[in-house]
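What the coordinates show
Here are the chains, one letter per residue:
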Amino acid sequence: MADAFTPDGAPGAWALEARGLGKRYGRGWALQDISFRLPAGRICGLVGPNGAGKSTLLGIATRQVQPTGGDLRVFGVPVGDPEVMPKFAFLGQDKPLFKRFTVAETLRMGAELNPGWDMAAAERIVRSGQVPMEARVGTLSGGQRTRVAFALAFGKRPDLLLLDEPMSDLDPLARHDMSTLLMSEAVERGTTVVMSSHMLTELEDMCDYLLVLAGGRIRMAGDADALVPAHALVTGLAADGDPATALAPHTVIECRVQGRQFHALVRKNGPLSGDWVVSEPGLEEVLLAHLRSPDAPPLYTPGARTEAEGSHTS
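Since we're looking at a predicted model, the values are computed, not measured. (Residues numbered from 1 in each chain as written. Predicted model: local features only at pLDDT ≥ 70, side-chain atom pairs only at ≥ 80, totals over all residues. Heavy atoms only, no water.)

1. So, the side chain of E17
Here E17 lies in strand β1 (residues 14-25). For E17, the side chain forms a polar contact with the side chain of R19, separated by 3.2 Å. (Helix = DSSP H or I, 4+ residues; strand = E, 2+ residues; numbered from the N terminus. Polar contact = N/O pair within 3.5 Å; in protein donor to acceptor, adjacent residues only side chain to side chain.)

Below, the structure written as structure tokens:
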């Protein structure tokens, strides 16, 4: 069984490594030719519109969905190998908990089902939110139930935590509390986190790595600190009415024209010259532009793509 390797040869450095991964349902592809690498220890935002393939990717990573083709490895181990099971924990939007169990009974169930269970950590997460151990799960608030679900996930002591919109049903205060909890626990343990979310501002505050899907394909992958600065917002006049000509040789991701004036998000291929107003975009602006422009070429930061290490793909 081959291990995953960093450029300098250290095994197991990739928490997830996909090569040509695909999943077909009937005549359509939910995922097609997905290839990327996620380094261990990162907090990764999984972004895309409904139907982009996010849940399918998480389903393959958690062994709930069988891929049609390609390969996915978890810390160098093929996802179909039973050795993968102790390495990850999964928490979905529905957070399936037994409503008649008390919180204490729920944690004892976690201990029975997971050989490496960390009861002290699970109880700390519950008690820090003032959740009564004797309360039945069905009587808890949404934020309290989510805290118990996180306690189950972290109590397993996973190397990889996979989250599918786990906080979408929470109010802003509860979301903030859960986000703080997630960050502190992940950093303390060095846990790799992959979190699917539609809340782009939440991802900007929490995530240092991004996987952006649209139409079942990768749009962007890599370090957030490198993906965003690769772009620029440009406003100016196109003398001949054609902004694409004016902006060459830069890659235009999205462009809107009003009269002779254009507003464009571009991927910089060298210095920007011209009588233009140039500013730095935010993460949300970059993500939305790529999601609205499926024909734009995908972008990978160095090391994020499995086929070819090195330079950005344009």
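2. Observations concerning the sheet that holds strand β14 (residues 277-279)
In spatial order, the strands read β12-β13-β11-β14; together these 4 strands make up an open sheet with antiparallel pairing. Because the sheet does not close on itself, it has two edges, and the strands there are β12 (251-258) and β14. The sheet shows a mean angle of 15 degrees between the axes of neighbouring strands, direction not considered. Here strand β11 (residues 231-237) runs beside β14; their pairing, made up of 3 bridges, is antiparallel. (Pairing = 2+ DSSP bridges. Axes fitted to C-alpha atoms, helices over the stretch in contact; angles between N-to-C directions.)

3. A closer look at the confidence of the model for the protein chain
Summarising the model, the protein chain shows a mean pLDDT of 87, and 93% of its residues fall at 70 or more. Averaged pLDDT values over the elements of the protein chain bottom out at 75 in helix α8 (residues 243-247) and peak at 96 in helix α2 (residues 103-113). pLDDT under 50 marks residues 308-314. Its contacts with residues more than four places away, or in other chains, come to 19 contacts. (pLDDT = per-residue confidence, 0-100. Contact = heavy atoms within 4.5 Å.)

4. Points about the packing of helix α3 (residues 119-127) against helix α4 (residues 142-155)
To describe two helices that pack against each other, one gives the angle between their axes and the distance between the axes. Contact geometry of α3 with α4 gives a least axis separation of 8 Å together with a crossing angle of 160 degrees. By the angle between their directions, the pair α3 and α4 is classed as roughly antiparallel. By crossing handedness, the relation of α3 to α4 is classed as right-handed. Contact residues: α3 offers A122, I125 and V126, while α4 offers R147, V148, F150, A151, F154 and G155. For the contact of α3 with α4, the class distribution of residues is 7 nonpolar, 1 polar and 1 charged. (Parallel < 35°, antiparallel > 145°, perpendicular 65-115°, else oblique. Left-handed = near helix turned anticlockwise from the far one by under 90°. Nonpolar A, V, L, I, M, F, W, Y, C, P; charged D, E, K, R; others polar.)

5. Some details on the layout of surface pockets
Of the pockets and cavities examined, the largest pocket occupies roughly 550 Å³. Taken together, 20 residues form the lining of the largest pocket, with F90, P96, N114, L152 and A153 sitting closest to its centre. No other element matches strand β6 (residues 88-91), which puts 4 residues into the lining of the largest pocket. In terms of residue class, the lining of the largest pocket is built from 15 nonpolar, 3 polar and 2 charged. (1 Å grid on protein atoms, 1.4 Å probe; cavity = no way out; pocket = protein on both sides within 12 Å on 5 of 7 lines; lining within 4 Å. Points joined across faces, edges and corners; volume = space filled by probe spheres on them.)

6. Points about the packing of α4 against helix α5 (residues 172-189)
Their axes nearest at 10 Å, the elements α4 and α5 cross at an angle of 10 degrees. Of the possible angle classes, the one that applies to α4 and α5 is roughly parallel. As α4 packs across α5, the resulting crossing turns out to be right-handed. Here α4 contributes G143, T146, R147, F150 and F154 to the contact with α5, which in turn contributes A174, D177, M178, L181, L182, E185, A186 and R189. Across the contact of α4 with α5, the residue classes tally to 7 nonpolar, 2 polar and 4 charged.

7. So, α4
Taking 1.5 Å of rise per residue, 14 residues should cover 20 Å, and α4 covers 20 Å from first to last C-alpha, within 8% of that figure. Among the 14 residues that make up α4, 11 are buried, leaving the element largely enclosed by the rest of the structure. Considered for burial, the residues of α4 that qualify are G143, T146, R147, V148, A149, F150, A151, L152, A153, F154 and G155. Tucked inside the fold, the buried residues of α4 contact β6, α2, α3, β7 (160-164) and α5. Directly after α4, the chain includes R157, whose backbone phi takes a positive value near 60 degrees. (Expected span 1.5 Å × (residues − 1). Buried < 20%, exposed > 50% of the residue type's maximum accessible area, 1.4 Å probe, protein only.)

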